[in-house]
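# Fold and geometry: a report
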Amino acid sequence: MKQSFISGADISFLDEVEQSGGQFYDLGAEDNIKLLSQHGINGVRLRIWNKPPGGYCNLDRTLKMAKRIKEFNMHFLLCFHFSDVWADPKHQSKPVEWEHLDYASLHKALQDYIVHIIQALKDQGTMPDMVQIGNEITMGILWEEGSVNGELRTLPQQWEQFTSLIKTGIDAVKSVDKTIKTMIHVDRGGDQEVCRFFYDKFEEYHVNFDTIGLSFYPWWHGTFNDLENNLADLAERYDKEMMVVEVAYPWLLDTANTLNVCKSEEQLHAGYSATPEGQARYMTDFIDLLKRTPNDKCIGFHYWEPSWLPCKDEWSVGHENNWSNLTLFDFDGQKLPALDSIKKHALEVSNDTNIATI
C-alpha cells in the first residue's frame, strides 16, 4: 500500500496575518485552514524559533496552531530553525541564549530544547508527525561550531561537529517518541552535485534520518528538468523518502513592490507566465513531476507561505512582505486557481483505492 501523497502548506505566518486583519475567501469568508483543507491541503508545516523578537513562531503560538491543524486531521511537519530569527544557507545564527555556550554545552541545550518542545506538543495531543532538524542546512547549523560554510566546508572536524549536533537533535526527537520521522532539509532541489555531496557526507558520518527535504524555487534552484533528474538520482542513490518542503510560483509580477523576491520575467520558469493561470499550470505540472519519481520515493510537497497577505500592522509581515505575489490568494484574500489545481489532484488521489491514509 502506498502512503498518501502529502499536499502541504507552510502557513507559519498565518496567525500573524489573521491578527492583522487578513481574511480569506472562496465564495465567502472562511477560516484559512478549513479553506485549505477543502482544497486538498492535507499537511501543514510550521517553523519554530527559540525566542523570536516579535513573539510569533514561538512555543506558545506553535501549540495554538498545532491544535488548529489537528482539528482537520492534517499531517504536521515541525521545522526547527535553532535560531531566534531566519535560518537558511546564508544565516544560521545561534539563539541569543546559546551564543556563549561551549561545544559540549551547546549539545545539551539543543537536546533539552527539542525535548521540551516535542514533549509539550505531545502532552497537548498534537504531536508532530515529522520533524526537521534545522532549516535549509546545506551550510550547517549553529554557526560557527556547526558550520560547513566557505572554507570550513573542507574541514573534517567541522563535518564531525555539524553531524554530531544533528545526531543529538535526531536522538532528542526519538527520545520523546520513536514514531516521529526526522527530515534533513537542504535548499538546492535542482542541484544534483550539491545534494550528492551533502547526503554522501551524512552517510559517511553515519547520520540516521528518515526523510530527505528539498527546496525548489526556479529563480534560485533551476528548472523542472533539474528537479526531476535530481529526485530520480536521490531516489536511487539513498533509497529514502523525499519531500519538496518549499515551493512557490508568482501569480503576478508586482513592480510596485520593489522588495519582492520574484519580480522580473528573467526569474520565471520558461513556459509559465506570472498570471493566475500560469501559476495554476505550474503547480499541476510540478505535482505530476513529483509523482513520476522512481519507486514513489517523493511523498509530497509544501507550498511555502500561501497565505502571507500584505497586511500592515505586524512586526514582520507589513511593508517587509516580499512574498505577496507568490501566495495562493490574491491581495484581497480571494483564492487563486492554483488552489483548485491542488484540489483537482487531491480528488484524483482520493479515487485511487490503492492509496492508504497517512
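In case you missed it, the structure is sitting above this.
These notes cover the structure that comes with them. Everything numeric here is computed off the predicted structure, so don't read it as measured data. (Residues numbered from 1 in each chain as written. Predicted model: local features only at pLDDT ≥ 70, side-chain atom pairs only at ≥ 80, totals over all residues. Heavy atoms only, no water.)

## Comments concerning the packing of helix H4 (residues 103-124) against helix H5 (residues 156-176)
Two elements in contact, H4 and H5, have axes separated by 8 Å at closest approach and are oriented at 30°. It follows that H4 is roughly parallel to H5 by the angle criterion. The two elements H4 and H5 cross, and the hand of that crossing is right-handed. Two secondary-structure elements touch here, H4 through Tyr103, His107, Leu110, Gln111, Ile114, Val115, Ile118, Gln119 and Lys122 and H5 through Glu160, Gln161, Ser164, Leu165, Thr168, Gly169, Ala172, Val173, Ser175 and Val176. (Axes fitted to C-alpha atoms, helices over the stretch in contact; angles between N-to-C directions. Helix = DSSP H or I, 4+ residues; strand = E, 2+ residues; numbered from the N terminus. Parallel < 35°, antiparallel > 145°, perpendicular 65-115°, else oblique. Left-handed = near helix turned anticlockwise from the far one by under 90°. Contact = heavy atoms within 4.5 Å.)

## A few points about the packing of aromatic side chains
What the rule picks out here adds up to 34 aromatic pairs. Ring centres of Phe24 and Phe329 lie 5.0 Å apart, and the angle between their planes is 70°; this geometry places the pair in the edge-to-face category. Note that Phe24 is positioned in strand S2 (residues 24-25) and Phe329 in the loop between strand S10 (298-304) and helix H10 (337-350), a separation of 305 residues in sequence. Classification of Phe24 by relative accessible area gives buried; the value is 2%. When its relative accessible area of 0% is taken as the criterion, Phe329 is described as buried. Both rings, one in Trp304 and one in Trp323, keep their centres 4.8 Å apart while their planes meet at 75°; by these two values the pair is edge-to-face. Residue Trp304 is found in strand S10, and its partner Trp323 is found in the loop between S10 and H10; the two are separated by 19 residues along the sequence. Ring pairing ties together the aromatic residues Phe13, Trp49, Trp86, Tyr217, Trp219, Trp220, Trp304, Trp308 and Trp323, which thus form one cluster. (Phe/Tyr/Trp six-rings, centres within 6.5 Å; stacked < 30°, edge-to-face > 60°. Buried < 20%, exposed > 50% of the residue type's maximum accessible area, 1.4 Å probe, protein only.)

## A look at the side chain of His39
Relative to the assigned elements, His39 resides in the loop between helix H2 (32-38) and strand S4 (43-48). In contact with His39, other than residues within four places in its own chain, are Asp26, Lys335, Leu339, Asp340, Ile342 and Lys343.

## Quick word on the pairing of strand S8 (residues 211-216)
Of all 6 residues in S8, 6 are buried; the element is thus mostly enclosed. Neither face of S8 is left uncovered, since the one carrying Thr211, Gly213 and Ser215 and the one carrying Ile212, Leu214 and Phe216 both have all their residues buried. Relative to S8, strand S7 (residues 181-186) is paired through 4 bridges, and the arrangement is parallel. Directly across from Met183, in S8, lies its bridge partner Thr211. Direction of pairing for S8 relative to strand S9 (residues 241-247): parallel, over a ladder of 6 bridges. Residue pairing in the sheet places Gly213 in a bridge with Met243 of S9. (Pairing = 2+ DSSP bridges.)

## Brief notes about unusual backbone geometry
A cis amide bond links Trp143 to the next residue, Glu144, at an omega of 10°. By secondary structure assignment, the location of Glu144 is in the loop between strand S6 (130-132) and H5. Even without glycine at this site, Glu136 takes up a positive phi of about 45°. Following the sequence through the fold, Glu136 ends up in the loop between S6 and H5. Residue classification places Glu136 among the buried positions, given a relative accessible area of 9%. Its identity as a non-glycine residue notwithstanding, Asn295 has a phi of 60°, on the positive side. Locating Asn295 in the fold gives a position in the loop between helix H9 (276-291) and S10. Judged by relative accessible area, Asn295 falls into the exposed class, the value being 56%.

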